[in-house]
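The primary structure of each chain is shown beneath.
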Amino acid sequence: MRENEPLGRVKGMSREELLELPAAVDLETGNRALGLGRSKGYGLAKRGQYPCKVLRLGSAYRVVTADLLAVLGLAA
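Nothing here was measured: the structure is a model prediction, and the numbers come from that model. (Residues numbered from 1 in each chain as written. Predicted model: local features only at pLDDT ≥ 70, side-chain atom pairs only at ≥ 80, totals over all residues. Heavy atoms only, no water.)

Right, let's talk about helix α2 (residues 27-34) for a bit. Among all positions of α2, only Leu 27, Thr 29, Gly 30, Asn 31 and Ala 33 are buried. One or two positions beyond α2, positive phi appears at Gly 35, with a value near 75°. (Buried < 20%, exposed > 50% of the residue type's maximum accessible area, 1.4 Å probe, protein only. Helix = DSSP H or I, 4+ residues; strand = E, 2+ residues; numbered from the N terminus.)

Here is the structure:
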């Protein structure tokens with residue numbers, strides 16, 4: 001968390017950071033890109049309501065970056 005950032009506030013990602021992401025990212029990164037808090041993001045993923053494609057790999061969630069970028073209007 002940044003020094004001047006209020007507690008509980010989610011920091012988003014710049015366009016450049018988003019375009020440099022690998023093919024799939026962890027749910028925390030997806031949440032950050034979408035401006036979602038941890039509980040909200042995990043709740044949506046668990047219910048199958050996350051705003052883009054999420055893969056369940058064992059107990060971990062991975063967000064498909066191409067779908068994430070499309071939701072954010074940054075698809076190539």
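Continuing now.
Moving on, we get to the pairing of strand β3 (residues 60-64). In the sheet, strand β1 (residues 24-26) pairs with β3 via 3 bridges, with the strands oriented antiparallel. Note that in β3 the partner of Asp 26 across the bridge is Arg 62. Relative to β3, strand β2 (residues 54-57) is paired through 4 bridges, and the arrangement is antiparallel. Its bridge partner being in β3, Leu 55 is matched across the sheet by Arg 62. (Pairing = 2+ DSSP bridges.)

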